[in-house]
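Remarks on the overall topology
Each chain, letter by letter, is given below.
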Amino acid sequence: MTETFTGGCLCGAITYRAEADETLHYLCHCTHCQRFGGAGYHAAIVVAADDLTVHGTPKVFTNTADSGRTIARYFCSDCGGHLFTSPNPEATRFSVKAGTLDDPTHFQPKHEIWRQSRADWIEPDASRELFDQGFTRPVSIGAPAVDPDQDKF
Ligand SMILES: [Zn+2]
Ligand SMILES: [Zn+2]
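Note that the structure is predicted; figures quoted are calculated from it, not measured.

A short note on the overall build of the protein chain
Along its length, the protein chain carries one helix and eleven strands. Ordered by position from the N terminus, the helices and strands of the protein chain form the series β-β-β-α-β-β-β-β-β-β-β-β. A compact globule built from 153 residues would reach a C-alpha radius of gyration of about 15 Å, and the protein chain, at 14 Å, matches this within 12%. Overall, the protein chain is about 35 × 35 × 30 Å in size when its C-alpha atoms are taken along their principal axes.

Details of the sheet that holds strand 9 (residues 93-97)
If you walk across this open sheet you meet the eight strands as 6-7-8-9-4-3-10-11, and the pairing is mixed. Edge strands, defined here as strands with exactly one partner in the open sheet, are strand 6 (59-64) and strand 11 (129-130). As paired strands, strand 4 (residues 42-48) and strand 9 are joined by five bridges and run antiparallel to one another. In the sheet register, V46 faces strand 9, and the bridge partner there is S95.

Focus on the environment of G80
Looking at the element boundaries, G80 is found in the loop between strand 7 (70-75) and strand 8 (82-87). The class of G80 is exposed, set by 12 C-beta atoms lying within 10 Å. As a C-alpha pair, G80 and C9 span 71 residues in sequence and 8.2 Å in three-dimensional space.

A word on unusual backbone geometry
The backbone of A91 sits at a positive phi, close to 50°, despite the residue not being glycine. Turning to its location among the elements, A91 is positioned in the loop between strand 8 and strand 9. Here A91 falls in the partly exposed class, since 13 other C-beta atoms lie within 10 Å of it. The backbone of W114 shows a phi angle near 60°, a positive value even though the residue is not glycine. Mapped onto the secondary structure, W114 falls in the loop between strand 10 (111-113) and strand 11.

Topic: the sheet that holds strand 2 (residues 15-20)
Strand order in the open sheet formed by three strands is 1-2-5, and the pairing between neighbours is antiparallel. Taken across any chain shown, the strands that pair with only one partner, and hence form the sheet edges, are strand 1 (3-8) and strand 5 (52-55). With strand direction ignored, the average angle separating the axes of adjacent strands in the sheet is 10°. Pairing of strand 2 with strand 5 involves four bridges; the strand directions are antiparallel. If you follow R17 over to strand 5, its bridge partner there is T53.

Things to note about the nonpolar core
C28, A44, I45, V47, L83 and V96 are the most contacted members of the largest nonpolar core, which totals 32 residues. At the level of secondary structure, the elements contributing two or more residues to this core comprise strand 2, strand 3 (24-28), strand 4, strand 7, strand 8 and strand 9. If one sorts the elements of this core by residue count, strand 4 sits on top with five residues. Among residues more than four places away in sequence, those in contact with I45 are T23, L24, H25, V96, A98 and F107.

Section: the environment of T100
Mapped onto the elements of the fold, T100 is located in the loop between strand 9 and strand 10. Accessibility expressed as a C-beta count within 10 Å gives 22 for T100, which makes it buried. Sequence separation between T100 and W114 is 14 residues; the distance between their C-alpha atoms is 22 Å. Contact partners of T100, with chain neighbours within four places excluded, come to G7, G8, C9, G81 and L83.

Cut-offs applied
- Residues numbered from 1 in each chain as written.
- Chains lettered and ligands numbered in written order.
- Predicted model: local features only at pLDDT ≥ 70, side-chain atom pairs only at ≥ 80, totals over all residues.
- Helix = DSSP H or I, 4+ residues; strand = E, 2+ residues; numbered from the N terminus.
- Rg over C-alpha atoms; globule rule 2.2 N^0.38 Å.
- Pairing = 2+ DSSP bridges.
- Buried ≥ 20, exposed ≤ 12 C-beta atoms within 10 Å, placed from the backbone.
- Axes fitted to C-alpha atoms, helices over the stretch in contact; angles between N-to-C directions.
- Core = buried A, V, L, I, M, F, W, Y, C linked by C-beta atoms within 7 Å.
- Contact = placed C-beta atoms within 7 Å.

Here you go:
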């Protein structure tokens, strides 16, 4: 089933639309997502790059994540709102930040990664599949799955 959603940053300079047959809704508790997002964790929907249309030009910050992979983090240079992350330099997939959705109820996370660095004050949710670090097996709603060797956030 095709999943369609839209969103944008706080000031509206950057907006996006995703139409995807395969998505993955997840939370990431890694220390870089915490610090970059200024929040307890990163909540996002993974889509293939071809399925995401972006209007406006986000600024990009790139560094080496807890997983050892290089991750690019995209944000608005006007309001500072964080919009996307992607493995770099491949950028074949983008994680779209759930807090930027026009319809926040669209987000239904099924997995949590980097549990080992989860903040104490966030209650675990036993209904979700938990990973101590990144994904250790292919996971997706549809196929093809996120490849644990390629898509570590
Ligand atoms: Zn903005
Ligand atoms: Zn993370």
